[in-house]
Each structure stands twice: as structure tokens, then as C-alpha cells.
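Commentary on secondary and tertiary structure
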There are 2 protein chains.
Amino acid sequence: MKHLNTQSPDFQAELKALLAFETAQDPKIDQIVAGICADVQQRGDAAVVEYTNRFDGMAAQSMADLTLTQAELQNAFERLPADVQTALKTAAERVERYHLRQKLESWTYTDADGTLLGQQITALDRVGIYVPGGKAAYPSSVIMNAMPAHVAGVQEIIMVVPTPKGGRNDIVLAAAYIAGVTKVFTIGGAQAVAALAYGTETVPQVDKITGPGNAFVAAAKRRVFGVVGIDMVAGPSEILVIADGSTPADWVAMDLFSQAEHDEIAQAILIATSQAYLDDVQTAMNRLIGEMPRRAIIEASLRNRGAFILAEDLNEACEIANYIAPEHLELSVENPQQWAQKIRHAGAIFMGSYTSESLGDYCAGPNHVLPTSRTARFSSPLGTYDFQKRSSLIQVSEAGAQKLGKTAATLAHGEMLTAHARAAELRLKD
Amino acid sequence: MKHLNTQSPDFQAELKALLAFETAQDPKIDQIVAGICADVQQRGDAAVVEYTNRFDGMAAQSMADLTLTQAELQNAFERLPADVQTALKTAAERVERYHLRQKLESWTYTDADGTLLGQQITALDRVGIYVPGGKAAYPSSVIMNAMPAHVAGVQEIIMVVPTPKGGRNDIVLAAAYIAGVTKVFTIGGAQAVAALAYGTETVPQVDKITGPGNAFVAAAKRRVFGVVGIDMVAGPSEILVIADGSTPADWVAMDLFSQAEHDEIAQAILIATSQAYLDDVQTAMNRLIGEMPRRAIIEASLRNRGAFILAEDLNEACEIANYIAPEHLELSVENPQQWAQKIRHAGAIFMGSYTSESLGDYCAGPNHVLPTSRTARFSSPLGTYDFQKRSSLIQVSEAGAQKLGKTAATLAHGEMLTAHARAAELRLKD
């Protein structure tokens, strides 16, 4: 754990160094991915089957061997213990209810001259959800990606999930069943992204691809961006906790661990207004670390990228939060809503002692796909709105065309675009 | 002009060929841009001044020579003829009024157990607007990019516009004055994009960059995406007109010209339900082309990428429109609102005879920055919402933590994330 103090003359430089993270794209990975994408675009299913057999240790004869039916998803759900079934259902219901509030609706208004203006909101036709396989199989990620699309009204939600050596994860498939996924292909990597982006004989072309993946998946998503929409390419996960000392130190210690256990490059930072509280949290961490099965990962993460920051007061802490623009911000303070108003940049704001980040990760309702690496300065949590889009609506009345036509023609002539001007002028009565 | 008929057995293939457009990125341009970006990131102002002098034929000593004051913008406005001043003001006011309707507002709701959920909406702090210089100087583009940011509440709107050989465009600067731009630098190209993305001694780092540019600008925007937000990298502009014959053929002919006059790769397509009407429009085009100063560009565009499509009926025409997902769609038909409901994918829908695209380009109110190249399948017009972002709000009550904690812990254990589970369990009372 690094220790920073806002009163140090080097604080700004130390903070910048703490946040620095090299996100350079590997040209070697890019080249491999370019080859795979081109091959899938050209040869379709045959290429997808070959890459899947090679990279995932499968022995598929055709895409039929890599396609799951709705019945298989349902069976996976029914094989689960009752408490897990209930937990999945509860989480999905809460996420659905929250995301219904985000649904955009069409709107119009009419000018005094009868001209109608507005926007028509429609759902995307078909989207692809990428779900990582293997060791990091996250059913919560299936719910968080598929449910907003389902709520938006997307008719076809295609999930891809690699099953290395044929190993399927029942909870992941059950989550797909619960979250409204319409079709699952057991493929992954750049080949799965390319199949969704370009379409193959079996895999339908989608309009947008969301969901996390490794460096090959990220490079493939960057490559197909423009052909289809993509969500952000995510960086390492981060938490910033601001504490005024009112939350038990054990709780905060465990919240920092829950971020650090993701991987060695995850970042957990605690800002407190007293050294005594920072010491209490350190003591709690020393005591609790022994209980953690992922101890080695937690320790590496905290050593590499973790920090304690001692701030003068909560105002200063909020200013630092706005600079960091953290993915997750816990305001573990009294009157948290008052302090939340001072936060301009954060993916999600967890307010008060009882709001552990992990409640939000799974089932509070809001999405856990959040902007990382300071991108909360300009981007938002994944939401229903990411699976809807807008078309401008314009119906100019005859009277409106008289007024607007003169303005448009003047400006068009100023831009030397005569046909633009003439198109407006032809609609003028005299 | 190509002629397609939906009854032809080759129609689908012909339509696909018509829309095909090679958007491959030039690796040579990418390499040059990578060098410029790295140089600006490292050397700041000095590099920006050097590139500007070299590429734009300037003789600046420092960034001070490349900075315009608010007074200079005002002077540019005051030098304009009265009718142009009025047209700019009218356009800006209408665009402002429309974009105010798009402003997102924070929202929350509270569960029965006292848990509060919602989203806090904030504006971006600072954005950059890229405005091309030289021959294609578009004041309308300044208004369409800056006004939504201004309406969103962005505090600093930094415009960059190259002034090759020192030539400044008064209308462009006047538009900046009217649209709420806070600062202008007379720089362009990849060096301007890099300066905005990384910040220099003089140019403040922004959170998002929008606005059109040449291949170097587009490559630079792609490169800095992630460090800052960007709008879409736009392809060639397109219009699709669906006509039932109720609009004078001259008007439709001029609307097709107004798209074609942008450049040789712009695309203008007309779908009609009768051959006679297509013939009328062709006759009108033959008659009107002589009046067009940009005749050569129009003819090249129509020859390369223009088309007439004969459809069976308006239902079929709308299906084709949904496949094309055009940037601009004119429904030049009776009862256009009824047909608009069948449109799932279009950047902007212009309804009825009087609604020429050019009215929307300048002053109807909606934005003229629209998704091109079929990306209306998954993206939206530039809007106020592009300069706002959301932070999830979660405040779990003590009672809520008891209920949610069990669900979260069950799912976290299922993902082998023990610290996530423990963080939830520590908040349980028993």
C-alpha cells in the first residue's frame, strides 16, 4: 500500500503516478486479430469452427456442435441448487426494474407555425453479448449485459461464450436463460467477435457487441468498431473509498479487498480525513487477509496499485475523486447525498456504510459495467439507452418552410452550397 | 445514375453493391499521425507551433499567435452583413431550443425498504470542437457541434480551426461567437487533435472531441479515443428519398443535388413507386443541372454512387430504408408520420414535401451531425446527451442490506469471489 498525504508538496505528481496505467495496444496481438477477422469474414463458419477447435481444444464438426438450444439453457438453470436459482432470479428482477427506468421514449413538439420536431426512439434489432469462459466465468456479467438489451426491446440477443475443452458453466448458462438471451454459441476470442460483426452462415450479423474479454477480444472489438457498435474497451477495475470514520474499519477493509481480488492490476484507494482511521483499516486488513482464498492476488494488487490518502477534509477528498473519476466511488460518510452532489465524475456512487460495492456488483439494480481509467469524465454506465437509438423527426409546415427557407438559403449561400440554397428556395411561395 | 428494380432477381446483390464503400484505414496515414501525436504529447506547444507553420503555411512564433480572443470573434460577427448575422442568430436559437428538449435530468427512486437508486447526470467539464478550415468552411457545423455542448452546461468549449496561410473565415468565427465557444485556437490536423487530447502548456486537455475532419484528423481521433471521448468517425454523407409522387419533381431533384454537391463520394438515392415519377425527376435533373456551380461534383457523385430504385409500394420502400439505415431519409409522401413509424433505422427523418434536407442542415433545430454508412442501426444524431454523462446512485438502507446481502453473497460465492461475498456478509445483522 502506498501512503500519500495531500499536504505533501509532491502530492499531485504522486497521485498522477499512482493512476498511470499503460494501455498501449500490442501490435503483435493486433496483427493476429486482423488475420482472424479477415479469415472469418471470408470463410465464415468453417473458419470459426477451425479456430475454436484449435484455441479452445474442441472437436466440433460444424457450428451445430457449437450452438446451444433454449432447452439446454433451461436445463442448466434447473440443475442449480434452489438458493442459486433464487439469487439469480432476484438479481435479474432488480436489474430489470432499475433498467426499465432508463428506457428512452420518443418525443415531439410542434411550433406555432405547425412545424413538428422531435426524436423517434427505437431499439437495436440484434446485439451480441461476449461472455468470457474458463476461470473467470461471471454469471452476473451475463445479467448486466443482456438485461438492458432485453429491457430496451432488442429482439435477438446472441451470446457467445467459449467453453475450453468443452467445459460448460451451468450458472453462466442459467443466467443467460434468466436474462432473456435468445441464442448461445460456444465460441470465443477474436473469431467470435468477427462472427458477430460480419455474420456467418450460422451466426447472424449483429448491430452492437458488448461485454468484457481478454486482449484478443478487446483488439477485435476495436477493429470491428464502425461495422457494429461496441461498448467501451474496459481497463482494470478500480474503487475509491472516501471515509469520514463512521463506517467500521473491517467493512472498508473488505471493500478494498473485494476490488483487489479481481486481479493484480485492479486498483483500490482509500481517502480518509484522519490518520487514526487509516491505521484502523490497515490493522483490519492485516487481520482479515488470512481468510482470503485469493490472498496472493489481493496482496499483489494492493502492493502494485493500492493507496491510502490522508486528506484535510471531505471537500478536498471530493476534489481528488473528481480528478480520479473512479469507476466505483464509495462515499462511506455521514450525509452521503450531500457529498454526492459535489461529485462530477464517477461511474457509480455507493452512498453510506451499508452500501458495499459488492451489492451493486450483483443485485442492487444498477449496472456493473462502468467506465474505467478516468473515462467517467465523458462516459456512463452501460444502460438500456445503449441498446436504443434516436432518429430526428422533422416535418416542416408550408408556413414554416417560408420562414426557415430564407435562413437556410442565406447560410447555404455563405457556404457556397447552391443546391442546398435552391432546395430551400424552391419551397418559397414567392 | 444506376437504375434498380426491386422485382429484379439480382436486386439484393445490386443494392449491397450500391452501398459498398471501402473505409479501410490507410496505414501510412496512421503512421504519420502516430508520430505527430507522440511528438505533441511530449513537446507540447513547441510541436504544435512547428507543425502548424509547416502544414498550414503560417509563421507563428508561439501559441499566442494562434489564439483568438473573444473580442476577435465578436468583431468577426460585427463585420458580417445584417442578413447573415440574423440568419446565424435564428439558426442558433432554433438549434438551442431543440437541444434543450434533449437535456437529461438526474432521477432517483426509493424501494420500500428505504434503499435509494438512480442516476446523477452531469455535464462534461471541457470539450474540443474540431472545425475544418480552407475551402470547406462550414459555420453551420460550428453551431451544430458547439450548441449541444453549451446547452448541456459544458463550462469550456474549445474550438480549433486551421487558417491556412492565415486566411480566417469571418462566418465561422462569428458562428463560434454565437454558439457559446469559449476559446479558439487557429490550429488543425492531427496536431490539433493531439493538443486537445493530451493538453499542452497553452491548450487545455479536454474530455471529448467532436467535429469532422480529413483523413489525418479522423486517424488522430481514433488514436486518442479512450484518453478522451470522440464522436463517430463519419463516412461520406448520404440521402435516401422515398417519394409517392406527391412532391414536385423539381423539389426532389434539387434535394438529390444538395446531397451530391458535398463531394464525389456522397450518395443520393431515390425510391419511387412509379417509373413515370422517376422519369419526371430525371427530366428535372437534366434541366436543373445547368444552374449548378458545383455541377462537376454533382455529376460525379450521381454517376459513382447515385441510384433510382423502383419499388412495388411504400411498404417495400420502407423495408429497403431499414436495410440502408440512411443518414438522411426524406419521406416525401402523403401521411408521412404514418410511414415514419415503419422506419427503424435512420439518422434523421424529413417528413412531407416542404421538409427539404437543407432546412434541417441549417436551422430547423435538430442536429446535422448524423450517423452515416449504416451506423444508424446502432447510433444516434449528435445531441445534448453526448455532452452529459451518468453516474449510478446507490444508497442501500440497513434493511436493504439484509435482503440484498444474501443474494449478493450467494452469487459471489458462485463466482469464487470470497471478498465480494464477505463484504456483503459483514453488513448482515446475524
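In what follows, the structure referred to is the one given above.
A few points on the structure. (Residues numbered from 1 in each chain as written. Chains lettered and ligands numbered in written order. Predicted model: local features only at pLDDT ≥ 70, side-chain atom pairs only at ≥ 80, totals over all residues. Heavy atoms only, no water.)

The volume enclosed by the second largest pocket comes to roughly 310 Å³. Lining of the second largest pocket is provided by 20 residues; of these, Gln102, Leu104 and Arg390 of chain A together with Leu104 and Arg390 of chain B occupy positions nearest its centre. For the lining of the second largest pocket, the secondary structure elements donating two or more residues are β4 (116-123) of chain A together with β4 (116-123) of chain B. When its residues are assigned to classes, the lining of the second largest pocket shows 8 nonpolar, 4 polar and 8 charged. (1 Å grid on protein atoms, 1.4 Å probe; cavity = no way out; pocket = protein on both sides within 12 Å on 5 of 7 lines; lining within 4 Å. Points joined across faces, edges and corners; volume = space filled by probe spheres on them. Helix = DSSP H or I, 4+ residues; strand = E, 2+ residues; numbered from the N terminus. Nonpolar A, V, L, I, M, F, W, Y, C, P; charged D, E, K, R; others polar.)

This paragraph deals with the side chain of Arg94 of chain A. Looking at the secondary structure, you find Arg94 of chain A in helix α5 (residues 82-100). Note on Arg94 of chain A: relative accessible area 7%, which makes it buried. A polar contact is formed between the side chain of Arg94 of chain A and the backbone oxygen of Cys363 of chain A, at a distance of 3.0 Å. Among the polar contacts made by the side chain of Arg94 of chain A, one reaches the main-chain carbonyl oxygen of Ala364 of chain A at a distance of 3.0 Å. Not counting residues up to four positions away in its chain, the partners in contact with Arg94 of chain A are Cys363, Ala364 and Gly365 of chain A together with Asp111, Thr115, Leu117, Lys403 and Leu404 of chain B. (Buried < 20%, exposed > 50% of the residue type's maximum accessible area, 1.4 Å probe, protein only. Polar contact = N/O pair within 3.5 Å; in protein donor to acceptor, adjacent residues only side chain to side chain. Contact = heavy atoms within 4.5 Å.)

Attention shifts here to the interface of chain A and chain B. Between chain A and chain B, the contact holds 117 residues from the first and 117 residues from the second. At the boundary of chain A with chain B, total buried surface from both sides reaches about 10400 Å², with 58% on carbon and sulfur atoms. When residues of chain A are sorted by the area they lose upon contact with chain B, Tyr354, Tyr362 and Arg427 of chain A head the list and together hold 8% of the total. On inspection of chain A and its partner chain B, the count reaches 12 salt bridges. Close ionic contact of Asp111 of chain B with Arg94 of chain A constitutes a salt bridge, the shortest N to O distance being 2.7 Å. Where chain A meets chain B, there are 62 residue pairs in polar contact (both at pLDDT 80 or more). For the side of chain A that touches chain B, the element with the highest residue contribution is helix α16 (residues 398-414) of chain A, accounting for 12 residues. Residues of the side of chain A that touches chain B, tallied by class, amount to 58 nonpolar, 35 polar and 24 charged. (Buried area = accessible area lost by both parts, 1.4 Å probe. Salt bridge = Lys/Arg side-chain N within 4 Å of Asp/Glu carboxyl O.)

Once that is clear, we can look at the pattern of salt bridges. Per the stated rule, a full pass over the model turns up 34 salt bridges over all chains. Note that Arg427 of chain A is salt-bridged to Asp255 of chain B, the shortest N-O span being 2.8 Å. In this pair, Arg427 of chain A is assigned in the segment after α17 (418-426) and Asp255 of chain B in helix α10 (residues 249-260), connecting two distinct chains. Here the two residues Arg427 of chain A and Asp255 of chain B agree in accessibility, since each one is buried. Taken together, the shared-partner salt bridges connect Asp39, Arg43 and Glu50 of chain A into one network.

We now examine helix α8 (residues 189-198) of chain A. Residue and element names in this part refer to chain A. Of all 10 residues that make up α8, 9 are buried, and the element is covered over most of its length. Along α8, the residues that are buried comprise Gly189, Ala190, Gln191, Ala192, Val193, Ala194, Ala195, Leu196 and Ala197. Along its buried surface, α8 packs onto α2 (27-43), α3 (45-56), β5 (126-130), β6 (156-160), β8 (208-210) and α9 (215-224). Looking at the residues trailing α8, positive phi occurs at Gly199, about 80°.

Pairing is mixed in the open sheet, where 9 strands are placed in the order β3(A)-β4(A)-β15(A)-β14(B)-β13(B)-β10(B)-β11(B)-β12(B)-β1(B). Where the open sheet ends on each side, the last strands, each with one partner, are β3 (107-110) of chain A together with β1 (2-5) of chain B. Averaged over all pairs of adjacent strands, the angle between strand axes in this sheet comes to 20°, irrespective of strand direction. When strand β10 (residues 238-243) of chain B meets strand β13 (residues 328-332) of chain B, the two strands line up parallel, connected through 5 bridges. Among the inter-strand pairings, Val241 of chain B is bridged to a residue of β13 of chain B, identified as Glu330 of chain B. Contacts between helix α12 (residues 295-305) of chain B and the sheet are confined to β1, β11 (267-272) and β12 (307-310) of chain B, with β11 of chain B contributing the most and set at about 60° to the helix. (Pairing = 2+ DSSP bridges. Axes fitted to C-alpha atoms, helices over the stretch in contact; angles between N-to-C directions.)

Each aromatic ring pair is specified by the distance between its two centres and by the angle formed by the two planes. Counted under the stated rule, the structure contains 13 aromatic pairs over all chains. Aromatic side chains Phe225 of chain A and Phe225 of chain B sit 5.9 Å apart centroid to centroid with 15° between the ring planes, which places their arrangement in the stacked category. Taken together, the residues span two chains, with Phe225 of chain A in the loop between α9 and β9 (229-230) and Phe225 of chain B in the loop between α9 (215-224) and β9 (229-230). Ring geometry for Trp107 of chain B versus Tyr109 of chain B: centroids 6.3 Å apart, planes at 5°, classification stacked. (Phe/Tyr/Trp six-rings, centres within 6.5 Å; stacked < 30°, edge-to-face > 60°.)

Residue and element names in this part refer to chain A. Within the open sheet, the 6 strands sit side by side as β2-β7-β6-β5-β8-β9. Their pairing is mixed. With partners counted over all chains shown, the strands left at the sheet margins are β2 (67-68) and β9, one partner each. Where β5 and β8 come together, 3 bridges link them in parallel fashion. Its bridge partner being in β8, Ile129 is matched across the sheet by Thr210. Helix α6 (residues 139-152) rests against β5, β6 and β8 of the sheet, and its axis sits at about 165° to β6.

All names here are of chain A. Between helix α4 (residues 70-79) and helix α7 (residues 170-178), the least distance of the axes is 8 Å, while the angle of their chain directions is 115°. Crossing geometry of α4 relative to α7 is assigned as left-handed. Between α4, through Gln70, Leu73, Gln74, Ala76, Phe77 and Arg79, and α7, the contact on the second element is made entirely by Asp170, Leu173, Ala174, Ala176, Tyr177 and Ile178. The residue makeup of the contact of α4 with α7, split by class, is 8 nonpolar, 2 polar and 2 charged. (Left-handed = near helix turned anticlockwise from the far one by under 90°.)

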